[in-house]
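# Summary of structural features
Now for the letters of each chain:
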Amino acid sequence: MHLAVPSSPSALRLVTRLILTLAAVASFAVLRAAEPKPPAGFRALFNGQDLTGWHGLNPHDTAKLTGEKRDAKLAQMRTEFAQHWRVEQGELVNSGTGPYATTAEDFGDYELLIEYKTVAKADSGIYLRGHPQVQIWDKNQIFDPKKPDRRPHLGSGGLFNNPPKTLGRDPIMAADKPFGQWNTVRIRQIGARVWVTLNTRLVVEGAPMENFWEKGKPFPARGPFMLQTHGGEIRWRAIYVRDIPADEAQRELATPPLPNPSQFDIAYGPHPKQLIHFWKAESTTPTPLLLFIHGGGWQNGGRLSGLSAMLPEMLKRGISVASVEYRFIAEATADNVSPPVKGPLHDAARALQFIRSQAAAWNLDKTRIAASGGSAGACTSLWLAFHPDLADPASADPIARESTRLLAAAVNGAQTTLDPQQMKEWTPNSTYGGHAFALGKFDNFLAQRATILPWIAEYSPYALVTRDDPPVYLFYTVAPALGQPQKDPTHTSNFGVKLQEHCRANGVACELVYPGAPGVKHATTQDYLIATLTAPRR
């Protein structure tokens, strides 16, 4: 189509103004964010357009002020708020300075959804009811042993201003996304108790939050949210909240908070990750012990993952509990451990030896120790159960002289073999295991199998089964289908069927549980552990 070009100067100016106006409108439309769309039951606290509903406040600057000085400081921070905070394309942005973005509204029991994105070396947090804080770290910071209670390497989401050596102060696991990506936070607060989920991972589980401003006094019933400014740019968006009704709050509080460990972060080795939480069951005689090893593919996870539901009942039944943290594959690789899986496996063995060395001090019965865990933690537990004793009676190290043998192992979703050929035969769409031997994707893992047969013989639980091994219990959530692709090939009960066959052939007791499984004696892992650890001595 041919368009006529205006010939007169006035017409040309009119067209030019029209084009500029349209461009400005288009630019505004691009820059103006869409209206917030909160999930059902939630409402928006940030409109994505301006600072309405927020003001500036740094409570640390006013905590010791009174009267006119306090009033003047509050007014100053409200005035300065817009100088430090801005809105860009639906994001609430701060460069790391100035008063905290504070809601005009106070909140009681609530569920908060919020997303953030930050930069290296930044430090921020979310104040709850005006109290610090759900911590946001740069988790790439190196741990400084001179500051043992400052542990950014453990990740964001913890209640950093709670007392050291209490559950909830640090996150259960590191769940931060890399810089440049948005992190999604879900916070539930009921009374003083707080649950934090970071990027779908539960990192704080119902821990009571301490009253920061009035130590020892009850946590306030209501207060504002504050978004901290501290050292670097941080962006916030999608800020939604819902009030938690009384009946829901009552149901949630019916489950008491987890007890703090009797021994918190006890080191069993020199690496910062080689730590144990220990809960001592009350008893006048030595107690049995549950050794818990968390899952996560030897690449993530945390010591309470999978343990929380069992812990109170174990202690009630007179069973002490130790939960082990260990080096992940990346950390073992950095320590030049080969193959990498040797790192987490041998860490678990060393932790077990260390615990046995503490038997007198911790009132433990060395002969009644059972291991448990899920996924990779389950694989580690089975490896301990089947591996020959790693004790070195001639060692000058008294810990190394302790046994690594178990009374039993009871596990959930275990990988029972690290042999890729067996995995492929049992479950054709298997994808797991290459990372354990630094071989990457499963196809390469399978192709390189012949070169790592000694490693498979040493680190695959299936390969280690012998007649003198302790009994094991295997729990899976889906029935097996040998030789068929599985929805979750990494945790398929095909693993369990084949290990049970192998155990029976070697005279080792193996109880296998899945939906419809025959001969089930214990419905859950917890049931098996309690029955085994509290059984009368023969």
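This report concerns the structure included in the present document.

Procedures and definitions
- Residues numbered from 1 in each chain as written.
- Predicted model: local features only at pLDDT ≥ 70, side-chain atom pairs only at ≥ 80, totals over all residues.
- Heavy atoms only, no water.
- Helix = DSSP H or I, 4+ residues; strand = E, 2+ residues; numbered from the N terminus.
- Buried < 20%, exposed > 50% of the residue type's maximum accessible area, 1.4 Å probe, protein only.
- Contact = heavy atoms within 4.5 Å.
- Lys, Arg positive; Asp, Glu negative; His and termini not counted.
- Charge placed at Lys NZ, Arg CZ, Asp CG, Glu CD.
- Phe/Tyr/Trp six-rings, centres within 6.5 Å; stacked < 30°, edge-to-face > 60°.
- Core = buried A, V, L, I, M, F, W, Y, C linked by side-chain atoms within 4.5 Å.
- Pairing = 2+ DSSP bridges.
- Axes fitted to C-alpha atoms, helices over the stretch in contact; angles between N-to-C directions.

### Observations concerning the overall build of the protein
The helix and strand tally for the protein stands at 15 helices and 21 strands. Seen along its three principal axes, the alpha-carbon backbone of the protein occupies a region of about 100 × 75 × 45 Å. Here the protein holds 538 residues, and the buried ones make up 51% of them. Counted over contacts in the protein with a minimum sequence separation of 6, partners at least 24 positions apart contribute 70%. Positive and negative charge centroids in the protein, built from 56 and 49 side chains respectively, lie 1 Å apart.

### Things to note about the packing of aromatic side chains
Applying the stated criterion across every chain, the model contains 17 aromatic pairs. Between the aromatic rings of F442 and F445, the centroid separation amounts to 5.9 Å while the plane-to-plane angle is 90 degrees, which identifies the pairing as edge-to-face. Here the residue F442 and the residue F445 both occupy positions in helix α11 (residues 442–447), the gap between them amounting to three residues, near one helical turn. Each member of the pair, F442 as well as F445, carries the same accessibility label: buried. Three or more aromatic residues link up through ring pairs in this structure, and these residues are F437, F442, F445 and W455.

### Considering the nonpolar core
Generally speaking, a soluble globular protein has its nonpolar side chains buried in company with each other. Among the nonpolar cores identified, the biggest contains 65 residues, and L291, W298, L382, F386 and F437 are the most heavily contacted of them. Ranked by the residues each element gives to this core, the list is headed by helix α9 (residues 376–386), at eight residues. Once you skip the residues sitting within four places of it in the chain, F386 turns out to touch R405, P461, L464, V465, D469, P470, V472, L499 and C503. Grouped together as the second largest cluster of nonpolar side chains are 61 residues, F107, I239, L307 and A408 included.

### Quick word on the sheet that holds strand β21 (residues 510–513)
The strand order across the open sheet built from eight strands is β14-β15-β17-β16-β18-β19-β20-β21, with neighbouring strands paired in mixed fashion. Across the chains shown, the open sheet's two edge strands, defined by having one partner strand only, are β14 (263–267) and β21. Direction aside, the axes of adjacent strands within the sheet are offset by 20 degrees on average. Sheet topology places strand β16 (residues 287–293) next to strand β18 (residues 364–374); five bridges connect them, and they run parallel. When the bridges of β18 are listed, L289 appears paired with I369. The sheet strands contacting α9 are β16, β18, β19 (408–412) and β20 (472–475), and the helix crosses β18 at an angle near 140 degrees. The strands that helix α14 (residues 494–505) touches are β20 and β21; relative to β21, the one it contacts most, it runs at about 160 degrees.

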